[in-house]
Amino acid sequence: ALTELLAGLRLTSEVARDAVQDPFSGFDLSAWLWKEVFETRPLRDLTVYGGWSLHWIDASGRLNVSRRRSAYGQIDWTILPALVLSADWTYGSEDGRRTVSQRYNVNFAPGPRLAISASWFESDAPGDVETGSAGASLDYRLNVFTRLFLSASRSELRLAAGGGSRVENLEAGVAVAF
């Protein structure tokens, strides 16, 4: 449900329930979701979001699930028609284990043919695991059927107990659509 609280301040509310009974897998699942999202536009080109959600999940059988809570904020800023910045932050907990994540994006499209983007993401579950990723891409449309692309990314996983992994990726190519 969408509610206009004040001029320029909207609230979207959602309540949902799902139930699954799977005799073949040996579990029953009942899930409730309650979510509230606030949205405001303090400037014509700046949109700010904030909200929270609660998930109650009850299960029987061989499925192990839990209660989850999260709160988040998000900003979308159209600096120029061709340049958009966005950022979001999330705090969550599941059975007392907390996670904090943040994501930042820059998108630049100076014309109908060229698009450039960059992103950075980090998530931290203290005492458990840390993940991070960064990437950039360039896309140039030669015509309606053909585009050139270049993208690079790096992802990293670090475990509190030691160890982890890193994946680096570089792609370049031509995409043709028929």
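Residues numbered from 1 in each chain as written. Predicted model: local features only at pLDDT ≥ 70, side-chain atom pairs only at ≥ 80, totals over all residues. Heavy atoms only, no water.

Draft legend 1. The overall build of the protein, seen in detail. Looking only at helices and strands, one finds zero helices and 11 strands in the protein. Along the protein, helices and strands appear, N-terminal first, in the series β-β-β-β-β-β-β-β-β-β-β. On C-alpha atoms alone, the protein measures out to a radius of gyration of 21 Å, which is more than a quarter above the 16 Å that the 2.2 N^0.38 rule sets for 178 residues. Expressed as lengths along the three principal axes of its C-alpha atoms, the size of the protein is roughly 55 × 50 × 40 Å. Residue burial in the protein is summarised as follows: out of 178 residues, 18% are buried. (Helix = DSSP H or I, 4+ residues; strand = E, 2+ residues; numbered from the N terminus. Rg over C-alpha atoms; globule rule 2.2 N^0.38 Å. Buried < 20%, exposed > 50% of the residue type's maximum accessible area, 1.4 Å probe, protein only.)

Draft legend 2. Seen up close, the pairing of strand 6 (residues 83-94). Bridging between strand 5 (residues 68-80) and strand 6 involves 12 bridges; their strand directions are antiparallel. Its bridge partner lying in strand 6, T78 is registered against V84. Where strand 5 folds back onto strand 6 in an antiparallel hairpin, the turn is made up of two residues. Pairing of strand 6 with strand 7 (residues 97-108) involves 12 bridges; the strand directions are antiparallel. (Pairing = 2+ DSSP bridges.)

Draft legend 3. Fine view of the side chain of S93. With respect to the element layout, S93 can be found in strand 6. Exposure remark for S93: the relative accessible area of 13% places this residue in the buried category. Setting aside its immediate chain neighbours within four residues, S93 contacts R67, R68, R69 and R98. (Contact = heavy atoms within 4.5 Å.)

Draft legend 4. Representation of the packing of aromatic side chains within the structure. Per the stated rule, a full pass over the model turns up three aromatic pairs. Taking 6.1 Å as the distance between ring centres and 75 degrees as the angle between the ring planes, the aromatic pair formed by W89 and Y104 counts as edge-to-face. With W89 in strand 6 and Y104 in strand 7, this residue pair connects regions lying 15 residues apart in the sequence. For W89, a relative accessible area of 33% corresponds to the partly exposed category. (Phe/Tyr/Trp six-rings, centres within 6.5 Å; stacked < 30°, edge-to-face > 60°.)

Draft legend 5. Representation of the environment of D28 in the model. In this structure, D28 sits in strand 3 (residues 27-43). Separated by 30 residues in the primary sequence, D28 and D58 place their C-alpha atoms 8.2 Å from one another.

Draft legend 6. Up close: the side chain of S151. With respect to the helices and strands, the residue S151 is situated in strand 10 (residues 146-159). Relative accessible area serves as the criterion here: at 19%, S151 is assigned to the buried category. Among all residues touching S151, those that are not within four sequence positions of it are A136, S137, N169, L170 and E171.

Draft legend 7. A look at a nonpolar patch on the surface. On the surface, Y140, L142, L148, V174, V176 and F178 cluster together into a nonpolar patch covering about 630 Å² of accessible area. Relative to the helices and strands, F178 resides in the segment after strand 11 (164-176). Assessed through its relative accessible area of 93%, F178 is described here as exposed. (Patch = residues over 30% accessible without salt bridge, like charges linked within 9 Å, V, L, I, M, F, W, Y side chains within 5 Å. Areas by Shrake-Rupley, 256 points an atom, 1.4 Å probe, with all protein chains shown as cover. Salt bridge = Lys/Arg side-chain N within 4 Å of Asp/Glu carboxyl O.)

Draft legend 8. Molecular detail of the environment of S119. Note that S119 resides in strand 8 (residues 114-125). For S119, a relative accessible area of 34% corresponds to the partly exposed category. Note: C-alpha distance between S119 and S133 (14 residues apart in sequence) is 8.1 Å. Excluding residues that lie within four positions of it along the chain, S119 makes contacts with Y104, N105, S133, A134 and G135.

Draft legend 9. Fine view of the pattern of salt bridges. Counted according to the given criterion, the structure contains seven salt bridges. In this structure, E39 and R10 form a salt bridge, with 2.8 Å as the shortest nitrogen-oxygen distance. Here E39, found in strand 3, pairs with R10, found in strand 2 (residues 9-22); they are 29 residues apart in sequence, far enough to count as distant. Owing to a relative accessible area of 31%, R10 belongs among the partly exposed residues under this scheme. When salt bridges with common partners are traced through the structure, they connect E130, E156, R158, R166 and E168 into a single cluster.

Shape is all these values report; function is a separate question.
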